[in-house]
Each structure stands twice: as C-alpha cells, then as structure tokens.
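# Notes for the structure review
Single-letter residue listing:
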Amino acid sequence: MSAGERRSVFGTVFKARESGIVLALVVLVVFTATQNSRFLSGQSIRDILLGTAILAVLAVGQAVVMITRNIDLSVGSVLGLSAFAVGSMLRDNPGLPVIVALLAGLVVGAACGLINGAVVRFGRVPALVVTLGTLYAFRGAVYFWAGGQQINADKLPRSFLDFGDASVLGVPWLVLIAVLVMVIAGVVLRNYRGGRELYAMGSSPQAAELVGIKVGRNTTIAFLVSGALAGLAGVLFAARFGTVDAAAGTGYELNVVAAAVVGGVAVFGGSGSVWGASLGALLLTVIGSALAVLDIDQFWQQAIVGALILLAIGADRLVAVRVAKALKKRDSHV
C-alpha cells in the first residue's frame, strides 16, 4: 500500500471526525435556540466567539504537542503568568502599543515552553510528569509575584482594553488572531516537512529516529510552540476581561486537553489536526453557553465534558483498530 493511499485513509478518518463535531454543533445550536431565542442574539454569538478564540489558541498549541505523543498540562498556568506579566508591563508603561503586548506574551510563553521541552528532552522525563510539575511551579510564581494583588481595568491603557473589544468588519480582533494562528499551524503541519515529522514522531518515535528525524529537537519545538501560544492566549485573556489576578487561567488546561481530544487529536499521538482541536474548542464553548441559557447547573457541563472525553478516546481506539485492519488487509493484497 502506497504512502499516498495511507494518507488518504487517515485523511478520510479526520474528515469524518470533524464532520461529527460540526453535526453535533448544529444539533446543539438548533435545540438551544428553539428553547430560548436569546441564544442566537448578536451579543450571545459574540461572547461565544470571544470565548472560543482564547480556548482555540490554547488548543492549537496543545494539538501540536499531543501529535508528538506528549501532553502539556501547564498551559493554564502559562496563560496566567503571561497575562499578569503583560498586565504589569502595561500598567507601568501605559504608552506601549498593543503589538508590543502581544510580542511580550509570546516571549513569556515561549520561555515557559522551552523549559518544558528542555526537561522532557534532556531529562527524559514523561511530559505528563514534567508539565504537571511546571503547572504548579508557574502558578506559584504568579502568586508570589502578585502578592495577593490584582491588576484592574482602570490601571490598563484604554487602547489595550479597546483592542479586546474591537472588531474588523464585525469580526472581533481576538477571533481574527485565533483564526490566523489556526491557519498558520494547519498549513505548517499539513504542507511542510517539519509538520509531517511531528506526525511521524507521534506514530512511532523509534522509527522516526531510525529514518533520521531529530525527535529531541522537534519535541522541544512543539513545547515551545505550545508555550508561546499559551502566552499569546494570556494577552488575549487580559485584553478581553481587563482584570487580571494570580488565578487567571486556573483550570483551563483540562478544557484545552478536552478540546483537542474531542476534536480528534489522538492521546497516543500521530493523528489529529488543529482544525479539529479548534472545532472541539468551539463545541465546548457552545455547550457551556447553552447550559447557561437553559439554566442548567454547571455541574452538568463538567459531566458532559468528561463524557465527551471518554467517548472521543473510545472512538479514537475503535477507529485506530479499524484503520489498522484496513491497512493490513490492503497490504496483504499488494
């Protein structure tokens, strides 16, 4: 069986997964709208898009790491550290342009991602253990820095707060940035050698090393990308909410992993896409908004997200088994 045929099989699986998410979104939106027409109001849709933008940026970075058969549990803490760092910088230097804030967030996040990647690579410690440790380490650093204080909106530049609410042709800037991140990451993973190497690593790290792929270097780059995007998400978080404290981003890591898994990114690496992860982020955001509109207890949101994760993992294993059987059957006829 040729490499092209293999890609065709896996491509069909990815499209089926993403189509399922779209179908679930349509059913959920239609049902909620019939129960409460306010769900499709302009403000409601805008809030959903803004919420999805931040989660999607995080999910794209998580997808890059998970494709390599790793995981990054520190993204929520990195978001909080970046948000507080950029908020402090803008509070003390109100004349700084927004682009500087965005770049600063990327740098802070990239530094955190580099720490994760270096420890995983050179320490040869499982990413789950490393990022669980840095989750608490980065969060502890924010609490120590904040000292129980928070940065209020009235201390931030008006231009920065306006950026968090501004739109271009009716589309919020935060959403445009999220789409740009998704497109760039999607194109690189699909069309460039570096992106294809990440998939090869996730499928079989040993085989990837045997064919000359620099697994250690690519692992570090994957964590650096995840950290940088978490840092960017921190800036978007600060711009949207205006008030930043040491608890910013707490608990986000679970929703981010859920978005990636529900979106079809395999926990065992080697498959998935940033498009699916972003759709997963949209689905989780819509679920949260729908439950709020329907006046359903938040507990059910957590229960539903947990059920979706289990369902996605089960579906992933089922698909993997079927694909393996299909590939084996086709290979036997060659």
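The name an unreviewed UniProt entry gives the protein chain is Autoinducer 2 import system permease protein LsrC, with Amycolatopsis rhabdoformis as the organism. Under the heading Subunit (unreviewed entry), UniProt records this for the protein chain: "The complex is composed of two ATP-binding proteins (LsrA), two transmembrane proteins (LsrC and LsrD) and a solute-binding protein (LsrB)." The heading Subcellular location (unreviewed entry) in the UniProt record of the protein chain holds the text "Cell membrane".

### Section: helix α5 (residues 127–146)
Taking 1.5 Å of rise per residue, 20 residues should cover 28 Å, and α5 covers 28 Å from first to last C-alpha, within 8% of that figure. Residues Ala 127, Val 130, Thr 131, Thr 134, Leu 135, Phe 138, Arg 139, Val 142 and Ala 146 constitute the buried set of α5. End-on, the buried residues of α5 take up no more than an arc of 155°, which puts them together on one face. Exposed and facing more than 90 degrees away from the buried side of α5 are Val 129, Tyr 136 and Phe 144. One or two positions beyond α5, positive phi appears at Gly 147, with a value near 60°.

### As for a nonpolar patch on the surface
There is a patch of nonpolar side chains on the surface, built from Val 179, Leu 180, Val 183, Ile 184, Val 187, Val 188, Tyr 192 and Trp 275 and spanning about 670 Å² of accessible area. Considering the arrangement of structural elements, one finds Ile 184 in helix α7 (residues 173–191). Assessed through its relative accessible area of 47%, Ile 184 is described here as partly exposed.

### Points about the packing of aromatic side chains
Overall, the coordinates contain three aromatic pairs when judged by the stated rule. Their ring planes at 75° and their centres at 5.5 Å tell us that Phe 84 and Trp 145 sit as a pair that is edge-to-face. With Phe 84 in helix α3 (residues 75–92) and Trp 145 in helix α5, the pair connects residues that are 61 residues apart, well separated along the chain. Note on Phe 237 and Tyr 252: the rings are 6.2 Å apart at their centroids and 80° apart in plane angle, and the pair reads as edge-to-face. Placement of Phe 237 in helix α10 (residues 215–241) and of Tyr 252 in helix α11 (residues 252–262) is noted, with a sequence separation of 15 residues between them. Put simply, the rings of Phe 237, Phe 241 and Tyr 252 pair up and form one aromatic cluster.

### A look at the environment of Gly 95
Inspection of the secondary structure assignment puts Gly 95 in the loop between α3 and α4 (98–122). By relative accessible area, Gly 95 is classed as exposed at 70%.

### Quick look at the environment of Ala 59
With respect to the element layout, Ala 59 can be found in helix α2 (residues 42–67). Residues Ala 59 and Leu 229 lie 170 residues apart in sequence; the distance between their C-alpha atoms is 9.0 Å. For Ala 59, the contacting residues outside a window of four places in its chain are Val 256, Ala 259 and Ala 277.

### What to know about the packing of α3 against α4
Two elements in contact, α3 and α4, have axes whose closest approach is 9 Å; the angle formed by their N-to-C orientations is 140°. What the angle tells us is that α3 and α4 run oblique. In this structure, the crossing between α3 and α4 has a hand that is right-handed. Within the contact between the two elements, α3 uses Val 78, Leu 81, Ser 82, Ala 85, Val 86, Met 89 and Leu 90 and α4 uses Val 100, Ala 101, Ala 104, Gly 105, Val 108, Gly 109 and Cys 112. The residue makeup of the contact of α3 with α4, split by class, is eleven nonpolar, three polar and no charged.

### Focus: the confidence of the model for the protein chain
The pLDDT averaged across the protein chain works out to 86; a share of 89% of its residues lies at or above 70. Note on residues 1–13: pLDDT under 50 across the span, and 15 contacts to partners over four residues away in sequence or across chains.

The rules behind the values
Residues numbered from 1 in each chain as written. Predicted model: local features only at pLDDT ≥ 70, side-chain atom pairs only at ≥ 80, totals over all residues. Heavy atoms only, no water. UniProt positions renumbered as here; feature names shortened; annotations may be inferred. Helix = DSSP H or I, 4+ residues; strand = E, 2+ residues; numbered from the N terminus. Expected span 1.5 Å × (residues − 1). Buried < 20%, exposed > 50% of the residue type's maximum accessible area, 1.4 Å probe, protein only. Arc of directions from axis to C-beta. Patch = residues over 30% accessible without salt bridge, like charges linked within 9 Å, V, L, I, M, F, W, Y side chains within 5 Å. Areas by Shrake-Rupley, 256 points an atom, 1.4 Å probe, with all protein chains shown as cover. Salt bridge = Lys/Arg side-chain N within 4 Å of Asp/Glu carboxyl O. Phe/Tyr/Trp six-rings, centres within 6.5 Å; stacked < 30°, edge-to-face > 60°. Contact = heavy atoms within 4.5 Å. Axes fitted to C-alpha atoms, helices over the stretch in contact; angles between N-to-C directions. Parallel < 35°, antiparallel > 145°, perpendicular 65-115°, else oblique. Left-handed = near helix turned anticlockwise from the far one by under 90°. Nonpolar A, V, L, I, M, F, W, Y, C, P; charged D, E, K, R; others polar. pLDDT = per-residue confidence, 0-100.

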